[in-house]
Amino acid sequence: MKRNLLSVAALLFGTLFLFMGNGLQGILLPVRGNLEGYATTTLGLLGTSWAGGFVIGCLIAPKIVRRVGHVRAFSGFISIIAIIALVSGIIIDPVWWVVLRAVTGFSTAGTSMIIESWLNERASNESRGMIFSLYIGITLIGVVGGQMMIPLEDVRTPVLFMICGIFYCIAMLPTTLSTAASPQPLKAVRLDLPALYRNSPVSCLGILLVGIANGAYGTLGAVFGAGAGLSDTSIAVMMSATIFAGAVMQLPAGRLSDRIDRRYVLAAMSGIAALAGLLIFLLHPTSPALLIGLVVLYGAVANTLYPIAVAHANDFAASEDFVKVSGGLLLLYGIGTVIGPTLSGPVMSAITPHALFLVTAIAHVLITVYAIIRSRIRAAVPASDRDAYTTIPTGTSAILTPQSMSLADRGAGKPPETGKSPESDDPAVKFG
């Protein structure tokens, strides 16, 4: 175990700086754009283009890696990200930012898939769970660390953009200087929407709606904070606290979903997220402490929805299909993060910045209603036959790729014969 962890230490170190750059750039662009007077609709397109580029990258990047190799592809992708971070600080133009953000999303998918495949190659069966947990923790710490750098420098200067570039360059070093053999070629995941829906309607629609809500908040949360009168420091605290609250809440929510029907937990958590969002929208809290508290409550429950929905889908899937199901759902989540900012920007412009949480509340209400309806139609998988719950971070700067599902070893511990509910009329889904 110790030897396996030491072998990936340098790679995890580079991962930390990659996500620090992602976290800083993800909050820096909307904050700076808001100061420049860009329309909320335009700022929403920053998230739309990033998420669109990320989804396309998950589908196309494996082909590039297979053609040029892991090290060259990684160096190329991360160089592009660093260059774009620097150019964004020089060219202050919304059109260029939106276009370049799509390229950043594409390249981020490529770098993340390479890192995750490398970790998967280095991991043994005994260390896989520990390495996956470390990877998740480092991505969260990296994003939060990057976001918390906003108060350290005036966002009107190009300094923070330069710091992003430095972070990305540091992240490149461990992989480019490594003498270890490259891992196996990346595997592309085919998104089969009809098969995903047949496997689990709640997970399929639920994850799409979670992507819409999380994509909207992840992109426009900082814009909302500025519109609500929060300082740069308070905005950074708000955005970071929601990530940590979600990470802390995942374990108790996951344990609860292991004991009772996951759809009830999904409905309850979505209901609380909807309530918190509606309170923010209707009350317009003027106290920074109350406002941040409600947003943190929102983040704590909203960030538990994705892993619960994935676990529910895997409850009904054959064990050999866990990676394909989870990877397909992840791409569906990415599609939702494309839709979310696109919808929320115009709504915030037409009503008020607080209307961001009206959009998220509608998405969460739909999840609650549909989960309850489906729980009356399809029997739950017995607790003894359910897939093991795995914590998974979500967010526009910390979203994992389909390669991470292999690293998580989703198929461990579940007998193949429990691939479908004994009382379900739906056949077990076979992918590929």
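Residues numbered from 1 in each chain as written. Predicted model: local features only at pLDDT ≥ 70, side-chain atom pairs only at ≥ 80, totals over all residues. Heavy atoms only, no water.

Trainee: Quick rundown of the overall build of the chain? Include the residues and the values.
Mentor: If you tally the helices and strands in the chain, you get 16 helices and zero strands. Burial status across the chain gives 59% buried among its 432 residues. Of all intrachain contacts in the chain linking residues separated by at least 6 positions in sequence, the fraction that spans at least 24 positions is 87%. Carbon and sulfur atoms make up 67% of the accessible area of the chain, which amounts to about 16,000 Å² in all. (Helix = DSSP H or I, 4+ residues; strand = E, 2+ residues; numbered from the N terminus. Buried < 20%, exposed > 50% of the residue type's maximum accessible area, 1.4 Å probe, protein only. Contact = heavy atoms within 4.5 Å. Areas by Shrake-Rupley, 256 points an atom, 1.4 Å probe, with all protein chains shown as cover.)

Trainee: Which residues make up helix α5 (residues 94–122), and what are the values?
Mentor: For α5, spanning 29 residues, the distance from its first C-alpha to its last is 41 Å, which sits close to the expected 42 Å at 1.5 Å a residue. The N-cap residue of α5 is Asp-93: its side-chain oxygen and the backbone nitrogen of Val-95 are 3.1 Å apart. (Expected span 1.5 Å × (residues − 1). Polar contact = N/O pair within 3.5 Å; in protein donor to acceptor, adjacent residues only side chain to side chain.)

Trainee: Could you give me a rundown of the packing of aromatic side chains, with the residues and numbers involved?
Mentor: Two aromatic rings, taken as a pair, are described by how far apart their centres are and by the angle between their planes. Taken as a whole and judged by the stated rule, the model has 11 aromatic pairs. Taking 5.2 Å as the distance between ring centres and 20° as the angle between the ring planes, the aromatic pair formed by Trp-50 and Phe-54 counts as stacked. Remark: Phe-54 and Trp-50 occur in helix α3 (residues 40–68); sequence separation between them is four residues, near one turn of the helix. Classification of Phe-54 as buried rests on a relative accessible area of 4%. (Phe/Tyr/Trp six-rings, centres within 6.5 Å; stacked < 30°, edge-to-face > 60°.)

Trainee: Would you mind going over the packing of helix α2 (residues 9–35) against helix α7 (residues 159–176) in detail, with residue names and values included?
Mentor: Two elements in contact, α2 and α7, have axes whose closest approach is 8 Å; the angle formed by their N-to-C orientations is 160°. Judged by the angle between their axes, α2 and α7 are roughly antiparallel. Seen along the crossing, α2 lies across α7 with a hand that is left-handed. Along the lines of polarity and charge, the residues of the contact of α2 with α7 split into 18 nonpolar, five polar and one charged. (Axes fitted to C-alpha atoms, helices over the stretch in contact; angles between N-to-C directions. Parallel < 35°, antiparallel > 145°, perpendicular 65-115°, else oblique. Left-handed = near helix turned anticlockwise from the far one by under 90°. Nonpolar A, V, L, I, M, F, W, Y, C, P; charged D, E, K, R; others polar.)

Trainee: Which residues make up a nonpolar patch on the surface, and what values go with them?
Mentor: Taken together, Ile-56, Leu-59, Ile-60, Ile-64 and Val-68 make up a surface patch of nonpolar side chains, about 350 Å² in accessible area. Look at Ile-64 and you get partly exposed, because its relative accessible area is 31%. (Patch = residues over 30% accessible without salt bridge, like charges linked within 9 Å, V, L, I, M, F, W, Y side chains within 5 Å. Salt bridge = Lys/Arg side-chain N within 4 Å of Asp/Glu carboxyl O.)

Trainee: Quick rundown of the pattern of salt bridges? Include the residues and the values.
Mentor: Within the structure shown, the criterion is met by five salt bridges. In this structure, Asp-154 engages Arg-156 in a salt bridge whose closest nitrogen and oxygen atoms are separated by 3.5 Å. The exposure class assigned to Asp-154 is partly exposed, which follows from its relative accessible area of 35%. As a salt-bridge pair, Asp-258 and Arg-262 come within 3.0 Å of each other at their nearest N and O atoms. By relative accessible area, which is 1% here, Arg-262 ends up buried. Because the salt bridges share partners, they merge into one network encompassing Asp-258, Arg-262 and Asp-315.

Trainee: Before we move on, can you summarise the confidence of the model for the chain with the specific residues and values?
Mentor: Regions with low pLDDT carry predicted coordinates that are not meant to be interpreted in detail. Per-residue confidence for the chain gives a mean pLDDT of 84; residues scoring 70 or more make up 81%. Here helix α1 (residues 2–7) stands out as the least confident element of the chain, with mean pLDDT 58; helix α15 (residues 356–375) is the most confident, with 96. Predicted confidence is poor over residues 410–432, with pLDDT under 50, and the contacts of this stretch with residues over four places away or in other chains come to 57 contacts. (pLDDT = per-residue confidence, 0-100.)

Trainee: Summarise unusual backbone geometry; cite the residues concerned and give the values.
Mentor: Phi at His-284 takes a positive value of approximately 50°, unusual for a residue other than glycine. Within the secondary structure layout, His-284 lies in the loop between α11 (262–283) and α12 (288–302).

Trainee: Residues and numbers for the side chain of His-312, please.
Mentor: Within the element layout of this structure, His-312 appears in helix α13 (residues 305–315). Sequence-distant contacts of His-312, defined by excluding residues within four places in its chain, comprise Ser-200, Val-202, Ser-203, Arg-262 and Arg-263.

Trainee: Before we move on, can you summarise helix α9 (residues 201–227) with the specific residues and values?
Mentor: Between the first and last C-alpha of α9 there are 37 Å, a value that for 27 residues agrees with the 39 Å anticipated at 1.5 Å per step. The largest bend along α9 measures about 55° and falls at Leu-220. In terms of residue burial, α9 counts as a mostly covered element, since 22 of its 27 residues are buried. At the C-terminal side of α9, Gly-229 shows a positive phi close to 90°. (Bend = angle between axes of the 7 residues up to and from the residue.)

Trainee: Account for the environment of Gly-110, naming residues and giving values.
Mentor: With respect to the secondary-structure elements, Gly-110 resides in helix α5. By relative accessible area, which is 0% here, Gly-110 ends up buried. With 48 residues separating them in the primary sequence, Gly-110 and Pro-62 have C-alpha atoms 7.5 Å apart. Sequence-distant contacts of Gly-110, defined by excluding residues within four places in its chain, comprise Ala-61 and Phe-77.

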